[in-house]
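Analysis of the macromolecular model
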Protein chains: 2
Amino acid sequence: MDPKIEELKSRVHEVHDLRSAAAVLSWDQETYMPPGGASARADQMTTLRRLAHQKLVSEEMGQLLEELKPQTAQMPDDSFEASLVRVVWDMFEREVKVPTELVAEMSRAASEGHAVWVEARRENDFERFRPALEKLVALTIRYAECFKPYDSVYEPLLDQSEPGMKTSELRKIFEALKVEIVPLRKAIASRAETVDDRVLHRHYSEDQQWAFGLEVARAFGYDLRRGRQDRSAHPFTIGFSVDDVRITTRLDPDFLPMALFGTLHETGHALYMQGHDPVLGRTPLANGASSGLHESQSRMWENLVG
Amino acid sequence: MDPKIEELKSRVHEVHDLRSAAAVLSWDQETYMPPGGASARADQMTTLRRLAHQKLVSEEMGQLLEELKPQTAQMPDDSFEASLVRVVWDMFEREVKVPTELVAEMSRAASEGHAVWVEARRENDFERFRPALEKLVALTIRYAECFKPYDSVYEPLLDQSEPGMKTSELRKIFEALKVEIVPLRKAIASRAETVDDRVLHRHYSEDQQWAFGLEVARAFGYDLRRGRQDRSAHPFTIGFSVDDVRITTRLDPDFLPMALFGTLHETGHALYMQGHDPVLGRTPLANGASSGLHESQSRMWENLVG
């Protein structure tokens, strides 16, 4: 392989390892970390994210990408080399507009906010979380403002979840959906009889629910030698590599759908991530193409197969 | 505070955060990581340790320490400033002799070796672990050789566990112990009757053992809002900050001493670490003074109090 591509790979590996390490710290924060650990964890994650950002937007990285762009322009669009240069270039171009200190501030606010959120959620006390949320929204707006000019402040945020999608396009999609959904919702709400949903509220022990959820996940194809399930306040899927993709769930002994459909949903995300080509590992190519595609996988397994 | 000390602190924080993050990854590797995660984990830990080493032995760090040494020389030896400069200088002076690539190779060999060790241990198959161990020994010798000249290759390694201790001194300690211990051991071995140790082999469920061990740990003063216990192949204590110090244990339903004394031993280490002054946090000052002092704490709680 071209030595320039090798150099790009090694720089990308470094950034990717730092981000994956931050992901492990985030997983731990949401699953096992004792409450006392919150403050140091915010420091640790902020340092990792600051370094990852510095390394991504470094002058050397920019120069290397500039050199590689014409070189890979003739290669097939889906070759490893062309894809790596294209995707890393997009990341570089986006993140170079953002000051590293803002990345660090956002990381710190997210870590600190998470600790507050967990306690506020447990006590159903929104006011307690409000200041942290306000701070996060303000920082996110500052982040979006790095990408001016735009039609809507949401545009640059949307572009990250769904590359190329525009708010105007999204509005059209929702307008079309509203035409059908709003009357349907009204029709349901206006019906006199209530639906008997007692079947959903039968009692099953947490252990039985856990075992059953994992049995279905396994039957879907989730590889537990390359993944695992733990508990968290809100379910999520997180990958540290193609071969370590973890899910979480939460349990209510009197409401089976919570754990079960949570597990199936996250399994959908995890199957997408466990299915990435290992050749793409340690690079941003081993990643879902977009949030929409990710959600299409989780919803398909949860709602159609499940 | 002096701006130079502030700059030193911020550089030390960065190195410390990278090392703490590597510690979280190591904890995860020994407790919850699925087997598939081993290879990427070796990459991630190696990147963190390589960066921590680069940042510690950087020219800027060296220059800053040179400038601060005379400045803090007049301060009381146990002031924060003088201690920080002294301890970081010692780390710098030691690690600057070691090529970063050797640090990276050692980290990779340790991570990869751990995965092999876990499986070899489960199957009681030393030959399987031998190549990994030979590699680790060879790398450790290369590491020690960075500190030539020395009387014994063990000297620089000993100095890291027990700063200032010499192999010649250690030999004298063991010689004196041998005089008493060797005849004692022989006398016991030559006695005709065997000791009745059935009391140690009573059956207790793993849950009961777990709960009892933690009850004693709590009674010793282990703060579980700033710590937790998990299972691992071999017990250990690890700290990510003064407020997040974790222990592990292992269980045998037919041999209570394994879990119980394991927990009490690790609790001794953890109490030492939870007891560090928070002011020293995020620096190498929040660390045990030596392995000997650490072991004195774990042994005191396990063997004397326990």
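For the structure itself, consult the block above.
Before going into details, it helps to say that this report is about the structure given with it. Each chain carries its own residue numbering, running from 1 in the written order of its sequence. The naming scheme follows written order: chains are lettered A onward, ligands numbered 1 onward. The predicted nature of this model means local features are confined to residues of pLDDT at least 70 and side-chain atom pairs, given and counted, to a pLDDT of 80 or more, with totals for whole chains, interfaces and linings taken over all residues. The basis for every side-chain value is the complete set of heavy atoms in the structure, and neither hydrogens nor water enter the calculation.

**A short note on the pairing of strand β2 (residues 237–241) of chain A**
Residues and elements named next belong to chain A. Which entries qualify depends on this criterion: Remark: exposure states derive from per-residue accessible area (1.4 Å probe, protein chains only) relative to the maximum for the residue type, with buried under 20%, exposed over 50%, and partly exposed in between. The way it works is that DSSP assigns letters per residue, a run of H or I at least four long becomes a helix, a run of E at least two long becomes a strand, and they are numbered from the N terminus. Strand pairing follows a simple DSSP-based rule, namely that at least 2 bridges must link the two strands.
Where burial is concerned, most of β2 is hidden: 4 out of the 5 residues are buried. Across 4 bridges, the pairing between β2 and strand β3 (residues 244–249) is antiparallel. Bridge pairing in β3 links Thr237 to Ile247. From the end of β2 to the start of β3, which pair antiparallel, there are 2 residues.

**Digging into helix α6 (residues 126–145) of chain B**
Residue and element names in this part refer to chain B. Defined as follows: Expected helix span is taken as 1.5 Å per residue step, with the number of steps being one fewer than the number of residues. Fitting one axis to the seven residues ending at a residue and another to the seven starting there, the bend at that residue is the angle between the two axes. By definition in these notes, contact holds between two residues if any of their heavy atoms fall within 4.5 Å.
With 20 residues, α6 ought to run about 28 Å at 1.5 Å a step, and its terminal C-alpha atoms sit 27 Å apart, in line with that. Of all bends in α6, the biggest is about 30°, found at Ala132. Here α6 has its buried residues at Phe129, Ala132, Leu139, Tyr143 and Ala144. Residues of α6 that are buried sit in contact with α4 (80–95), α5 (100–122) and α7 (155–161).

**Thoughts on the interface of chain A and chain B**
Defined as follows: By buried area we mean the combined loss of accessible area, with a 1.4 Å probe, across both parts when two parts are placed together. Any Lys or Arg side-chain nitrogen located within 4 Å of an Asp or Glu carboxyl oxygen qualifies as a salt bridge. N or O atoms closer than or at 3.5 Å make up a polar contact, with two conditions inside protein: a donor-capable atom paired with an acceptor-capable one, and, for residues adjacent in sequence, both atoms drawn from side chains. Note that Gly is not counted as nonpolar here; it falls among the polar residues with everything else outside the nonpolar set of Ala, Val, Leu, Ile, Met, Phe, Trp, Tyr, Cys and Pro and the charged set of Asp, Glu, Lys and Arg.
Each partner contributes residues to the interface: chain A has 34 residues there, and chain B has 35 residues. Carbon and sulfur atoms make up 60% of the area that chain A and chain B hide from each other, which totals about 2800 Å². At the junction of chain A and chain B, the tally comes to 6 salt bridges. Arg246 of chain B serves as the salt-bridge partner of Asp28 of chain A, at 2.8 Å between the closest nitrogen and oxygen. The interface formed by chain A and chain B contains 12 residue pairs in polar contact (both at pLDDT 80 or more). Breaking the side of chain A that touches chain B down by element, the ones donating at least two residues are α1 (3–31), α2 (38–56), β2 and β3 of chain A. A total of 9 residues in the side of chain A that touches chain B trace back to one element, the largest contributor, which is α1 of chain A. Residues of the side of chain A that touches chain B, tallied by class, amount to 14 nonpolar, 7 polar and 13 charged.

**Some thoughts on a negative patch on the surface**
All names here are of chain A. Basically, it comes down to this: What makes a patch is a set of residues exposed beyond 30% relative accessible area and free of salt bridges, joined within 9 Å when like-charged and within 5 Å when nonpolar (Val, Leu, Ile, Met, Phe, Trp, Tyr). For the accessible areas, the method is Shrake-Rupley and the probe is 1.4 Å, while residue cover comes only from the protein chains on display. Counted charges follow a simple rule, with Lys and Arg positive, Asp and Glu negative, and His plus the chain ends left uncounted. For charged residues, the charge sits on one atom: NZ in Lys, CZ in Arg, CG in Asp, CD in Glu.
On the surface, Glu66, Asp90, Glu93 and Asp159 cluster together into a negatively charged patch. Tracing the backbone shows Glu66 in helix α3 (residues 59–73). Take Glu66: its relative accessible area is 47%, and that puts it in the partly exposed class.

**Brief notes about the packing of aromatic side chains**
Note the cut-off: Note on aromatic pairs: the rings of Phe, Tyr and Trp (six-membered ring only in Trp) are paired at centre separations within 6.5 Å, and the planes decide the class, stacked below 30 degrees, edge-to-face beyond 60, tilted for the rest. Here, a charge over a ring means that NZ of Lys or CZ of Arg falls within 6 Å of the ring centre while also lying within 35 degrees of the ring normal.
Scanning all chains against the criterion turns up 11 aromatic pairs over all chains. Ring centres of Phe220 of chain B and Trp301 of chain B lie 4.7 Å apart, and the angle between their planes is 40°; on these two criteria the pair is classed as tilted. With Phe220 of chain B in helix α9 (residues 206–220) and Trp301 of chain B in helix α11 (residues 291–305), the pair connects residues that are 81 residues apart, well separated along the chain. Pair check on accessibility: Phe220 of chain B and Trp301 of chain B agree, each one buried. Aromatic ring contacts, followed pair by pair, group Trp27 and Tyr32 of chain A together with Trp27 and Tyr32 of chain B into a single cluster. One cation-aromatic arrangement involves Lys69 of chain A over Trp89 of chain A; the distance from NZ or CZ to the ring centre is 3.9 Å.

**Some thoughts on the environment of Ile238 of chain B**
Residue and element names in this part refer to chain B. With respect to the secondary-structure elements, Ile238 resides in strand β2 (residues 237–241). Note on Ile238: relative accessible area 12%, which makes it buried. Discounting residues that sit within four places of it in the chain, Ile238 has contacts with Ala23, Ser26, Trp27, Asp244, Val245, Arg246 and Met273.

**Remarks on a nonpolar patch on the surface**
Residues and elements named next belong to chain A. Nonpolar side chains collect at one region of the surface, where Phe126, Leu133, Val137, Ile141, Val153 and Tyr154 lie side by side and expose about 490 Å² of accessible area between them. Relative to the helices and strands, Leu133 is located in helix α6 (residues 126–145). Classification of Leu133 as partly exposed rests on a relative accessible area of 32%.

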